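Listed below are the residues making up each chain.
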Amino acid sequence: MLELCGITKRYGDKLALDQVSLTLDAGIYGMLGPNGAGKSTLMNIITGNRRPTQGQVKWEGREIGALGAAYRSLLGYAPQQQGLYDGFTGQRFLSYMAALKGIPRKAQGAEIERVLGYVNLKEAARRFLGSYSGGMKQRILIAQAMLGNPRLLVLDEPTAGLDPRERVRIRERIESLAGERIILVSTHVVSDIEPIAKEIILIKAGRILDRGTVEGLCEKYGCGCGDACDKEDGGAQGARGKYGSLGGLEEVYMRLFGEEERCFG
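This section reports on the structure supplied with the text. None of the values given here were measured: they were computed from a predicted structure.

A short note on the pairing of strand β10 (residues 207-212)
Note that strand β9 (residues 199-204) and β10 share 5 bridges and pair antiparallel. Bridge pairing links Ile 200 to Gly 212 in β10. Between β9 and β10, which follow one another and run antiparallel, lie 2 residues, and Ala 205 among them has a positive phi close to 55°.

So, empty space enclosed by the protein
In the structure shown here, the tally under the stated rule is 1 cavity of 30 Å³ or more. Looking at the largest cavity, its volume works out to about 50 Å³. Lining the largest cavity, in full, are Pro 158, Thr 159, Arg 171, Ile 174, Val 185, Thr 187, Asp 192, Ile 193 and Ile 196. If you list the elements that add at least two residues to the lining of the largest cavity, you get α7 (164-177) and α8 (190-193). Grouping the constituent residues of the lining of the largest cavity by class yields 5 nonpolar, 2 polar and 2 charged.

Overview of the environment of Pro 195
One can find Pro 195 in the loop between α8 and β9. Note on Pro 195: relative accessible area 52%, which makes it exposed. Residues Pro 195 and Leu 249, 54 residues apart in the sequence, show an inter-C-alpha distance of 9.8 Å.

Structural notes on the layout of surface pockets
Of the volumes computed, that of the largest pocket is approximately 860 Å³. Going through the elements one at a time, β4 (54-59), α2 (64-67), α3 (69-73), β6 (75-78), α4 (90-100) and α6 (134-146) are the ones with two or more residues in the lining of the largest pocket. Looking at the lining of the largest pocket residue by residue, the class counts come to 16 nonpolar, 14 polar and 5 charged. In this model, the second largest pocket occupies a volume close to 210 Å³. Those elements that provide at least two residues to the lining of the second largest pocket are β2 (14-24) and α1 (39-46).

Some thoughts on the side chain of Thr 89
With respect to the element layout, Thr 89 can be found in the loop between β6 and α4. Not counting residues up to four positions away in its chain, the partners in contact with Thr 89 are Ala 125, Arg 126, Arg 127, Phe 128 and Leu 129.

Examining the nonpolar core
Of all hydrophobic cores here, the largest spans 50 residues; its most connected members are Leu 94, Ile 140, Ile 174 and Ile 200. Here this core gets 7 residues from one element, more than from any other, and that element is α6. Setting aside residues no more than four positions away along its own chain, Leu 94 makes contact with Ile 112, Val 115, Leu 116, Ile 140, Ala 143, Gln 144 and Leu 147. Ranked by size, the runner-up nonpolar core spans 28 residues in total, among them Met 31, Tyr 71, Val 154 and Ile 182.

Considering the sheet that holds β9
Pairing is mixed in the open sheet, where 6 strands are placed in the order β6-β7-β8-β3-β9-β10. Two strands lie at the open edges of the sheet, namely β6 and β10, each paired on one side alone. Averaged over neighbouring strand pairs, the angle between their axes works out to 15° when direction is ignored. Pairing between strand β3 (residues 27-32) and strand β8 (residues 182-186): 5 bridges, direction parallel. Of the residues in β8, the one forming a bridge with Met 31 is Ser 186. This element, α6, spans β6 and β7 (152-156) of the sheet and lies at about 175° to β6. Lying over the sheet, helix α11 (residues 248-257) contacts β3, β9 and β10, oriented at roughly 15° with respect to β9.

Focus: the sheet that holds strand β1 (residues 2-11)
Pairing in this open sheet of 4 strands is antiparallel, and the strands run β2-β1-β4-β5 from one edge to the other. The sheet terminates laterally at β2 and β5 (62-63), the two strands that pair on one side only. Here 2 bridges tie β4 to β5, and the two strands are oriented antiparallel to one another. Bridge pairing links Trp 59 to Arg 62 in β5. This element, α1, spans β1, β2 and β4 of the sheet and lies at about 120° to β1.

Cut-offs used in this document
Residues numbered from 1 in each chain as written. Predicted model: local features only at pLDDT ≥ 70, side-chain atom pairs only at ≥ 80, totals over all residues. Heavy atoms only, no water. Pairing = 2+ DSSP bridges. Helix = DSSP H or I, 4+ residues; strand = E, 2+ residues; numbered from the N terminus. 1 Å grid on protein atoms, 1.4 Å probe; cavity = no way out; pocket = protein on both sides within 12 Å on 5 of 7 lines; lining within 4 Å. Points joined across faces, edges and corners; volume = space filled by probe spheres on them. Nonpolar A, V, L, I, M, F, W, Y, C, P; charged D, E, K, R; others polar. Buried < 20%, exposed > 50% of the residue type's maximum accessible area, 1.4 Å probe, protein only. Contact = heavy atoms within 4.5 Å. Core = buried A, V, L, I, M, F, W, Y, C linked by side-chain atoms within 4.5 Å. Axes fitted to C-alpha atoms, helices over the stretch in contact; angles between N-to-C directions.

Spelled out as structure tokens, the structure:
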């Protein structure tokens, strides 16, 4: 179980996160919000890369700072930034990351092969990272996050730079990992998380706006026209008028984070 207890983060006068509290158990969670909402800051705090100004992150009831290396060993993190070693091959980079995670040398070869296959990069393993496309770099970051079969997997924009076929592939692989682990995915691509998420967490201006299942959020926000709405068709005509063919979670996203938040129609 992962617990966020009153997480607040300030950068000078800027309040990036404001009293964020969440409890997550096993399953896939999608974190949605506009640019600047605080998603990446929150993920960096969860992974221990930044410290909150106030509040605690706990794993199984213990503060992650007290757990130290034990927490890092059960964590997999794929950041949005692609700060990679261009002079490393994909194989060497994964070997280096495996060593940092404490994976025994004898087990590294098989583990690296496994994660390379997961992201479809076996044929590029001996190429230098500097020659990788943006999408390939994103995939190698996902591969290193998977090393060691982590119990907590944090993915920040995991499909950024990927073509549609690879996006579907990564989405299917993320779904296959669900079970006894927590997977937290931050993304702007609603369709990448809508079919697989146990719950969606909506974040805006550093605060949790709401959380719930896709179905629950669509029921709550999918039609907000009040008395002016045509209840028989769920407001579909008005929705089409404003957002074209949008529906489901994408419509919820646009309603909550779009330029306008007024009645459809």
